[in-house]
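# Observations on the model geometry
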Amino acid sequence: MSASLNTACATTATTTAPPLAVQPLAVLGRDVTVPLVTGGEVSYAALDYAASAPALQRVWDNVAAYAPYYGSVHRGAGYLSQLSTDLFEQSRVTVAEFLDCRPGDQVVFTRSTTDSLNLLAAVLPADCQVFVFETEHHASLLPWTNAHVTYLNAPRTPAEAVATLERALAGRDPHGPALVCVTGASNVTGELWPVRELAAAAHAHGARIVLDAAQLAPHHPVSVRELDVDWVAFSGHKLYAPFGSGVLAGRADWLQEAEPYLAGGGASRKVARREDGGVEVEWHTTAARHEAGSPNVIGVYSIASACRALTEAGFESLVERERHLIAKVREGLAEVPAVRVLSLFGDDAPRVGVISFVVDGWNSSHFAAALSAEYGIGVRDGLFCAHPLVRTLLGSEPQAQGECGAPEAAPGERSLNAIRVSFGAGTPDEHVERFVRAVGELVAHGAKWQYRTEEGRCVPAV
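So, here is what we can say about the structure in this document. Numbering of residues starts from 1 in every chain and runs along the sequence as written. In keeping with the model being predicted, local features are shown solely for residues with a pLDDT of at least 70 and side-chain atom pairs are shown and tallied solely at 80 or more, while totals for entire chains, interfaces and linings include all residues. For the side-chain quantities, the full set of heavy atoms in the structure was used; hydrogens and water were omitted.

### Quick look at the pairing of strand E17 (residues 418–422)
Only protein chains enter the area calculation, which uses a 1.4 Å probe; residues under 20% of their type maximum are buried, those over 50% are exposed, and those in between are partly exposed. Runs of H or I in DSSP of at least four residues are treated as helices and runs of E of at least two as strands, each being numbered from the N terminus. Of all 5 residues making up E17, 5 are buried, and the element is well covered by its neighbours. Direction of pairing for strand E14 (residues 354–359) relative to E17: antiparallel, over a ladder of 4 bridges. Paired with Phe-357 across the bridge in E17 is Ile-419. Summarising the sheet, strand E16 (residues 380–382) and E17 pair through 3 bridges and their orientation is antiparallel. Bridging from a neighbouring strand, Asp-381 pairs with Ile-419 of E17. By definition, two strands form a pair when at least two bridges between them are found by DSSP.

This is the structure we're talking about:
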């Protein structure tokens, strides 16, 4: 990186350094105001971090400082191309340090957690057995179409999760390859899973394990070594970075032995015509093997910037502050009898700032619409791309109809969906306080506005 770019980024880091840990980190959109249907405007309370967290201001400023130096990575001899290549590869080192990777582990840049897990699914050895709980996000539940998959029922305690996996693994073919896929923190309940114990169970039975850290990495430190997982996947857009970038990090052997996830420039080391008229290809054995095409340099750099910002802010302080917010929300919801919080492991289970609930007498889409239109609060309603888990928690039939958004249900009708509130390092206390107050007022007094169903969603009637 040039001295000028180093200076620009260093100045940015100094002027936008994270505030004291007791305060929320500065994020984009913190000053945005939105109109209310009842009149006037209010600052927007972004409480849908589990879907996409707002970008850290520091990340955005670092990207802006780099933007004038943008160049093609690994493709050019020019100064800006060389500078961008150095930035891209240094970002790989930063992510490896953030995840506490082992020597020899590879960091592959992808588009998202979904892309990362589909990449891993594409490189599985032949006849691989995959074990996955029904509680997973669809990104972890669905990619394994070319493997022998065993879907495990939702456990009700962490110990039951480990015991369920051990029983399943004990019955597998001990001579073939096997992979366990598990979340670190649920995108529905926020509950932390016993990753280290599940990894120990997997390895004891000759299986490998991949950790879906999409909801864990933004809230807690993730150490590949300490958790003893074989791979970890996460997305930039949940880690306070812009959309369009993700990571798969871990053991290199399966990645090196498989055909490239995408065939094309960058993945190929040498291409030559054969005498028979065909083409002979020698593929890279590094992470580049699965990074064909021009990479998302800005997305990669934004992930690295977010990793540095969270590390420097101090996860211990961030976790402690988030516990404070979780307690505020849970205590507030507990005071509203009509509210039922969804949980697998119980009230005492450790969790991140993701809480899903239902409200007696309310369609979930209607409730979420009222929170937005009347209070300026953005939450999520639906099945959260974790249909089997939400249906299990709601006690609905497995074949019941439902979408990631709201079904065709009018205000006041029961829906098969839930409401999710989620928050993190950039959330001010006022946002969760407004949310708790709004829930109480809506339950006690009802919505102030009329709503109608439009394309499956409840929207304010005009």
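Structure shown, so let's carry the discussion forward.
### Structural notes on the nonpolar core
Ranked by internal contacts, the top residues of the largest apolar core, which has 85 residues, are Val-95, Leu-99, Leu-165, Leu-211, Val-222, Phe-234 and Val-247. With 9 residues, helix H10 (residues 297–313) is the single largest residue contributor to this core. Two residues form a contact once any of their heavy atoms are found within 4.5 Å. Those residues in contact with Leu-211 that sit more than four places away from it in its chain are Val-182, Thr-183, Gly-184, Val-195, Leu-216, Val-222, Leu-227, Val-229, Trp-231, Val-232 and Ala-233. Each nonpolar core is a collection of buried residues, namely Ala, Val, Leu, Ile, Met, Phe, Trp, Tyr and Cys, held together in the definition by side-chain atoms within 4.5 Å. Of all hydrophobic cores here, the second largest spans 32 residues; its members include Leu-47, Ile-326, Ala-368 and Leu-371.

### What about the sheet that holds strand E4 (residues 106–110)?
The 7 strands are arranged E4-E10-E9-E8-E7-E5-E6 in an open sheet whose pairing can be described as mixed. The sheet is open, and its two borders are formed by E4 and strand E6 (148–152), each paired with just one other strand. On average, each strand axis in the sheet is tilted by 20° relative to the strand beside it, whichever way the strands run. Relative to E6, strand E5 (residues 129–133) is paired through 5 bridges, and the arrangement is parallel. Paired with Gln-129 across the strands is His-148, a residue of E6. In the packing of helix H7 (residues 195–204) onto the sheet, contacts are made with strand E7 (178–183) and strand E8 (208–212), and the angle to E8 comes to roughly 155°. Every axis in this analysis is a line fitted to C-alpha atoms, fitted for helices over the stretch in contact. Angles between the N-to-C directions lie between 0 and 180 degrees.

### A few points about the packing of helix H3 (residues 79–98) against H10
Two packed helices can be described by the angle between their axes and the distance between those axes. The N-to-C vectors of H3 and H10 enclose an angle of 40°; their axes lie 9 Å apart at closest approach. Considering the angle they form, H3 stands oblique to H10. Crossing of H3 over H10 shows left-handed handedness. Listed contacts from H10 to Ser-84, Leu-87, Phe-88, Ser-91, Thr-94, Val-95 and Phe-98 of H3 are Val-297, Val-300, Tyr-301, Ile-303, Ala-304, Cys-307, Arg-308, Leu-310 and Thr-311. Polar here means any residue other than Ala, Val, Leu, Ile, Met, Phe, Trp, Tyr, Cys and Pro, which are nonpolar, and Asp, Glu, Lys and Arg, which are charged; Gly is therefore polar. Grouping the constituent residues of the contact of H3 with H10 by class yields 11 nonpolar, 4 polar and 1 charged. Oblique is the label for any angle not covered by the other classes, which are roughly parallel (under 35 degrees), roughly antiparallel (over 145) and roughly perpendicular (65 to 115). Each helix crossing is assigned a hand: it is left-handed if the near helix lies turned anticlockwise from the far helix by less than a right angle, otherwise right-handed if that turn is clockwise.

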